[in-house]
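Here are the chains, one letter per residue:
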Amino acid sequence: MAAEDTDYLRRLFVERFGQPERIYLHGQSWGGNVAAKAMELYGTDDQGRHRYDGALLTSGVLGGGTQAYQFRADLRAVYQYYCANHPYPDETQYPLWEGLPKGAEMTPEELNARVDACTGAGLPAEQRTLIQQQTLNNIVDVVRIPPGTLKAHMRWSTFLFQDMVEQRLGGASPFSNRNVRYRGSSNDDALNKGISRFDEDARAVEKLGADAGLTGDTDIPTVTMHAIDDPIIFVENEWLYRRAREDSGTADSLVQIYTDEAQHSKLSTPQYAAALESLDRWVERGHKPTPEAIAQYCETREAAVYDGGCHFDTDYEVADWRARVYARQP
């Protein structure tokens, strides 16, 4: 739906104001998934001409919904094993992949309170009880997220999952942890023996894949930028996207750059300028930029116009997504 809305905006602009000289797509975070999907669905016309001249995808969910969201289903299972308060034992029980049962009216504030009660995640470390600290350590060590992001990921795995399952997937599960062995806790044997298990529904996986999965089937010039230590959308999403572009034979129209920041929503300003202006030069002159050229251009923009510094790591090679799938050892 979001990809369709995005392309509708393009068409609306052209109808009212005429064809612009250039049209670029920019997608940030989940918007990276949207922009990448828009390229695949609407990027070329019937004659094979590009409707979009290029795309800049930053901190993007480029693994698609089926892969990029699975770790949050694992999080719900791991969290419930240790905390047993979402749901409480005396509340309606439901499969954790559902997010919340239909009709539930929990608020984000109420969820945050439960997470804080169990883990003390919202407290300074010195104010947590020993049990809270041990619980928090176990959860984040298994799922490998920074402690400061726990409540955000719990909100997504609650309210986003509820909407996705109820509104898009007919109440069926797109996730499974049936044969997974979780690692990294203080007692992995007890965790794997006691954790809640669930199975995927093939139709739900297919629906989610059709909606949010990426095939890489676009040769529109594309620059992606991602922080290596992004705490929200793991950098290994970039490995998944490169593989999709390689499988579709379009990797030659993809440039991926990385920064040594630990940010998600806002990277350093001159880096965005360098990435976008390098993309524009690529489209205009036909010369594909290298990560080194983008980094060098960032230095000139930072010195002349913007503050914030340039933090590109041009030697970084993103790891195989399967190495990142920390907990999920079949």
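Everything that follows concerns the structure shown earlier in this document.
Computed from a prediction, not measured in an experiment: that's the story for all the values here.

Visitor: Now, about the layout of surface pockets: what can you tell me, with residues and values included?
Guide: Computed from the structure, the largest pocket encloses a volume of approximately 640 Å³. As for the largest pocket, its lining consists of 28 residues, and the residues nearest its centre are Trp-30, Val-34, Tyr-69, Asp-211 and Ala-212. At the level of elements, helix H1 (2-17), helix H2 (30-42), helix H7 (150-168) and helix H9 (202-212) are the ones that each hand at least two residues to the lining of the largest pocket. Of all the elements, H2 adds the most residues to the lining of the largest pocket, at six residues. In terms of residue class, the lining of the largest pocket is made up of 18 nonpolar, three polar and seven charged.

Visitor: Before we move on, can you summarise empty space enclosed by the protein with the specific residues and values?
Guide: Scanning all chains against the criterion turns up one cavity of 30 Å³ or more. Size it by volume and the largest cavity reaches roughly 40 Å³. If you go around the largest cavity, the residues you meet are Val-61, Ala-68, Tyr-69, Phe-71, Arg-72, Ile-232, Ile-233, Phe-234 and Asn-237.

Visitor: Please set out the state of the cysteines residue by residue, giving values where relevant.
Guide: Per the counting criterion, the structure on display carries two disulfides. Cys-83 shares a disulfide with Cys-118; S-S distance 2.0 Å. Here Cys-83 and Cys-118 share a disulfide; its torsion about the S-S bond, -85°, makes the bridge left-handed. With Cys-83 in helix H4 (residues 70-83) and Cys-118 in helix H5 (residues 108-119), the pair connects residues that are 35 residues apart, well separated along the chain. Note on Cys-83: relative accessible area 12%, which makes it buried. For Cys-118, a relative accessible area of 13% gives the class buried. The side chain of Cys-298 participates in a disulfide bridge whose partner is Cys-310; the two sulfur atoms lie 2.1 Å from each other. The disulfide joining Cys-298 to Cys-310 has a torsion of about -95° about its S-S bond and is therefore left-handed. Highlighted residues: Cys-298 in helix H12 (residues 291-304) and Cys-310 in the loop between H12 and helix H13 (321-324), separated in sequence by twelve residues. Each bonded cysteine of the protein is numbered by sequence order, and under that numbering the disulfide pairs are 1-2, 3-4.

Rules used in this analysis
In every chain, residue numbers begin from 1 and rise along the written sequence. Two thresholds apply to this predicted model, a pLDDT of at least 70 for residue-level local features and 80 or more for giving and counting side-chain atom pairs, whereas whole-chain, interface and lining totals are computed over all residues. Side-chain calculation: all heavy atoms of the structure are included, whereas hydrogens and water are not. Using a grid of 1 Å spacing that covers the protein atoms alone, one calls a set of points a cavity when a 1.4 Å probe fits there but cannot get out, and a pocket when the set is open and has protein on both sides within 12 Å along at least five of seven lines; lining residues are those with an atom within 4 Å of a point. Grid points are joined across faces, edges and corners, and a volume is the space filled by probe spheres set on the points. A run of DSSP states H or I qualifies as a helix once it reaches four residues; a run of E qualifies as a strand once it reaches two. Both are numbered from the N-terminal end. Three residue categories are used. Nonpolar comprises Ala, Val, Leu, Ile, Met, Phe, Trp, Tyr, Cys and Pro, charged comprises Asp, Glu, Lys and Arg, and polar comprises the others, including Gly. Cysteine sulfurs are considered disulfide-paired once they come within 2.5 Å of each other. Partly exposed residues are those whose accessible area sits between 20% and 50% of the maximum for their type, while under 20% is buried and over 50% is exposed, using a 1.4 Å probe and protein chains only.

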